[in-house]
Structure formats: C-alpha cells, structure tokens
Amino acid sequence: MKRMMMLLVLAVPFVVGGAKMKLPKKAPKHIVMVGFDGMSAQGVRESDGMPFYKSMMRRGAYTLKRRSVLPSSSACNWASLYMAAGPEQHGYNKWNSRKPDFPSDTLTEHGFFPDIYYLIKKAYPEAKIGHFYEWSGIHYVVDTLCVSRDMQFNHKDEKSMQAVLDYIVKEQPMMTSIIFDCPDHPGHDTGWMSSEYMEALTEMDGVLKRIYEAVERAGMADETLFVLTADHGGKDKGHGGISMEEMETCLVFCGKGVRPGTVITETSNVTDVPATLAHMLGLQRPHAWIGRPLPSVVGRKK
Ligand SMILES: [Zn+2]
C-alpha cells in the first residue's frame, strides 16, 4: 500500500490527464516504427542493395549520424528508443537487461519508466498499439500494460510475418513497432560489413517494402508516419564499445508531417525518437525525458 501511494505521488508530474485528447490537425494518425537491430550507418551508407530504404530516406528526413546511448548495446538502446532517456535515467544498462539494473529515477503508476506507449495511451485511451519483435528482450523495455497486441514474431516464418502485416491492415493501429533481430545476427556471426551482413541489409529492404505495401493496402499511407531506426551499429563481430561504427546509426522519418528531401543536420540521439513522436502527436513530454524533438523533422521555430 505504501509502495502504491509512492508510485501515485511519483506519477503526478507527468500524467497527461487520462482524458481523451484531440489529435492535432497536422499530426499523423498512424505511426509505424520499423527497427533493425545492429544496422549501422556505415552499412546503410555502403549498401547498394537497399533501394526501398534509400527511397524512404530521400522522401523523408534522415541522418546517418544518429548516436546510440552507451553502452552501444541492445536492451539499453531499445529502452531509450521508447523512453526518451538514457540508462542513467531508466536504469537499463546492459545488452540483455530485462528490468532496470538500478532503480529508474521516475515511475508511472504502472511501476515503469514513462515510455511513448504510456504517453499515447494516457492521452488517447482508445488508441491501438501493436508491439512486434523478433528478439524477446524487447518485450521487457516497454510498458506492456499500454500495448494492445504484444507478439514475438519471426520474419523467416511466413505465417508469423503475415500475422504482423494483417494486424496493421485489420486494426489500423495508432502506433505499431516492428523490431527485427537482423542484421545483428550475421554481424555477430561473420562480422559487420561482411558479405553476409550486407546481404542481410538487402533482405531487410525487401521486408520493409512489404510493410509499406501493407500500410498502402490498409488505405493508411497518406496518414502514416514511418520511422526507420536501429539500436546500434557494430564493428568486427561485436558492439557495445565507443567506436563510431558501433555508435552511429541511420534514422529516417518519412510520411505524414515530414518534408521530403530533408537532411537532419542537428545532433541526434536514440532518445530524440520518442520525443519527436510525442511532439508530433501533441503529447506533453514528462520532465524525466531528456530526448528532444528534432527541429528538422518537426519544424524550426521562426
Ligand atoms: Zn542490438
């Protein structure tokens, strides 16, 4: 009971109200975030087998210099991609953290660091949120109490991949995250930038096209914002260190609300992704968030 009271008190500063908000006029009605574990900026830059991904870069806003939080490992960076804060704040500090390694500095009434799903659900209680991931570790870095459909999938299993696409078409969710455990695996097996790694980038390009086509099929394309992201890059057969090959990844915003042909020139970090999404959806960002909306994407103040 005492703990419950404490959680409630802690929750007060950033509760948006629970009331139904009206989506800002220019806001995307749908967000589809596609994540590729271990896709380095170097890999995207040097690949000649990613025509669809690169067309989305041109049609949207992108940077090849977006940085990871440290360590340049998986769970801590995926946590930051949802929580707009670093390990120092949310406490996920290892590659496979399933709970904070030290206490999060802020908790919602769910006993969880406030993430983008929580903000969406508080402001838009009717919102559907689909959370799909290949690596089970991603299940633990989001507030699953706010998720409408939580599913581990495998893109190599057609039935499983199709279930993800069908969810988008049938449910037309406000936010969908589809996080692939690729090209991280070939990176660890044969090395980042190896021919197997580069082939995996091409394979992912084909899967991305299928996701885009599902959104088109659903009749949502004009109202959808796509976010293409990674958690970290890699070097030799690993990551977690401080080389730019490990820390720099590509970030793309493409679709509703984004001016085509934009290069994001300001500094950017994984923490800025949820902050940018929250801004576009008209959501008030909790003080605990250190990520900021990217001016190149949301428009600069005159
Ligand atoms: Zn990773």
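Just above sits the structure.
Just so it is clear, the structure is predicted and the values come from calculations on it, not from any experiment.

### Let's talk about the overall build of the chain
Helix and strand counts for the chain stand at 12 helices and eight strands. Against the 2.2 N^0.38 benchmark of 19 Å for 302 residues, the chain shows a C-alpha radius of gyration of 18 Å, consistent with a compact globule. Each of the three principal axes of the chain carries a C-alpha extent, and together these read 55 × 45 × 40 Å. Going through the 302 residues of the chain one by one, you find that 52% of them count as buried. For the chain, long-range pairs separated by at least 24 residues make up 70% of all intrachain contacts whose partners lie at least 6 apart in sequence.

### Considerations on the sheet that holds strand 5 (residues 175-180)
Overall, mixed pairing links the eight strands, which are arranged 4-3-5-1-6-7-2-8 in an open sheet. Looking at strand neighbours, the two that pair on one side only are strand 4 (149-152) and strand 8 (262-263), the edges of this open sheet. In this structure, strand 1 (residues 30-36) lies alongside strand 6 (residues 224-230), joined through seven bridges in parallel fashion. Paired with Met33 across the bridge in strand 6 is Val227.

### A closer look at the environment of Ala79
By secondary structure assignment, the location of Ala79 is in helix 4 (residues 74-83). Counting along the chain gives 85 residues from Ala79 to Val164, while the straight-line C-alpha distance between them is 22 Å. When neighbours within four sequence positions are excluded, Ala79 is seen to be in contact with His90, Tyr92 and Val141.

### Brief notes about the pairing of strand 2 (residues 61-67)
For strand 2, the buried fraction is high: five of the seven residues fall into the buried class. The pairing of strand 2 with strand 7 (residues 248-255) spans five bridges and is antiparallel. Its bridge partner lying in strand 7, Thr63 is registered against Leu251. Two strands pair when backbone bridges link them, and strand 2 and strand 8 are joined in this way by two bridges, in the parallel orientation. In the sheet register, Ala61 faces strand 8, and the bridge partner there is Thr262.

### Here's the deal with the nonpolar core
By size, the foremost hydrophobic cluster in this structure holds 87 residues, and its most contacted members are Tyr82, Ile120 and Val252. Broken down by element, this core gets its largest block of residues, nine residues, from helix 9 (residues 195-217).

Here is what the cut-offs are and how they apply
- Residues numbered from 1 in each chain as written.
- Predicted model: local features only at pLDDT ≥ 70, side-chain atom pairs only at ≥ 80, totals over all residues.
- Helix = DSSP H or I, 4+ residues; strand = E, 2+ residues; numbered from the N terminus.
- Rg over C-alpha atoms; globule rule 2.2 N^0.38 Å.
- Buried ≥ 20, exposed ≤ 12 C-beta atoms within 10 Å, placed from the backbone.
- Contact = placed C-beta atoms within 7 Å.
- Pairing = 2+ DSSP bridges.
- Core = buried A, V, L, I, M, F, W, Y, C linked by C-beta atoms within 7 Å.

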